[in-house]
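Survey of secondary and tertiary structure
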Amino acid sequence: MSNNNPYNFVPLNPTGRDDKDGFNTYSPEDMITIYEQQFLIPVPKDELTEFLPALKRFYDIDDNTLDVSAVIFDAIADATIIYNHKVKTGEYQILGDLVIADLVEESKESVENVTDDEGSDNTAYTLDCMRTFFINDVEIPYHFNLFVQGDGYSTLTERDTVLEKIYWLVHAGFEEHLLDNSDNLDSLESINEDLARLGITEMDLATVHQLVNYIEDHIIDDDMIDALNALIDDAE
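Residues numbered from 1 in each chain as written. Predicted model: local features only at pLDDT ≥ 70, side-chain atom pairs only at ≥ 80, totals over all residues. Heavy atoms only, no water.

Here's the deal with the pairing of strand E8 (residues 152-157)
Test applied: Note on pairing: DSSP must find at least two bridges between two strands before they are called paired. Under the DSSP-based scheme used, a helix requires at least four consecutive residues in state H or I and a strand at least two consecutive residues in state E, with every element numbered from the N terminus.
Pairing of strand E7 (residues 138-149) with E8 involves 6 bridges; the strand directions are antiparallel. Within E8, the position partnered with Gln149 by the bridge is Gly152. Where E7 folds back on E8, the antiparallel hairpin that results is connected by 2 residues, among which Gly150 adopts a positive phi of roughly 60 degrees.

Structural data, given as structure tokens:
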């Protein structure tokens, strides 16, 4: 840290100057870095009004550049910013074999009574899976059991990693935990202690809800669907 760079901005090399020679221009990847730093660099509350002017001075840019940086981030970045946390989807792993699910007796009877063509849409499968996510570049596993029937699927999440604990805190209900109706739930305070040990800034309730929404939107991707369909085709 120095007087010229009090917030430890990442040094970046400009690609040139704008057409009026008023401000620096940067590559799209570097503009994403500039955008992210607006939200990810911790700033004391009494310095908030000084931070953005300092960032613009350091990179010699204007408000328009910041606006364009946000557009580029939305267009090509493979991450999102959730309340000052950068969240990114990692790789998936299939941890076990595809298993035909045990359905209730009535469901089994209905499956037995359909034709072969219909059977593929009614047979249910389970599969043990892992997806990694990154929060501020910290990799965190997310372990779940995938249940598939026809075109629909659902997931049953483990309760071990901090992401899994966050999922259950949100879905089991924050109010229920406050009323001590679920002994298995971790509190938001204990989750933040886990995050702190990973070097991740604490989260409030709004953040954990948005984080779970992101996880649910990204837990299954096209590559995983292709791999799953191949396993189902082999099983049939």
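With respect to unusual backbone geometry
Here is the rule we go by: Burial classes follow relative accessibility: with a 1.4 Å probe on protein chains only, a residue under 20% of its type's maximum area counts as buried, one over 50% as exposed, and anything between as partly exposed.
Residues other than glycine seldom take positive phi values, yet Tyr83 does so here, at roughly 45 degrees. Here Tyr83 lies in the loop between strand E3 (79-82) and strand E4 (85-94). Relative accessible area serves as the criterion here: at 47%, Tyr83 is assigned to the partly exposed category. In this model, Asp137 sits at a positive phi of 70 degrees, which is unusual for a non-glycine residue. When you line up the elements, Asp137 lands in the loop between strand E6 (124-135) and E7.

Concerning the pattern of salt bridges
Selection rule: By definition, a salt bridge exists where a carboxyl oxygen of Asp or Glu is found within 4 Å of a side-chain nitrogen of Lys or Arg.
Under the defined criterion, the tally for this structure stands at 8 salt bridges. The partner of Lys86 in a salt bridge is Glu36, with the nearest N and O atoms 3.2 Å apart. Of the two residues, Lys86 is situated in strand E4 and Glu36 in helix H1 (residues 28-40); the sequence distance between them amounts to 50 residues. What makes Glu36 buried here is its relative accessible area of 12%. Lys165 is the salt-bridge partner of Asp194, the closest N and O atoms lying 3.0 Å from each other. Taken together, the positions of Asp194 in helix H8 (residues 188-197) and Lys165 in helix H6 (residues 162-172) put the pair 29 residues apart, joining distant regions of the chain. Relative accessible area serves as the criterion here: at 15%, Asp194 is assigned to the buried category. Overall, the relative accessible area of 17% leaves Lys165 in the buried class. One continuous salt-bridge network, built from bridges that share partners, spans Arg17, Asp21 and Asp60.

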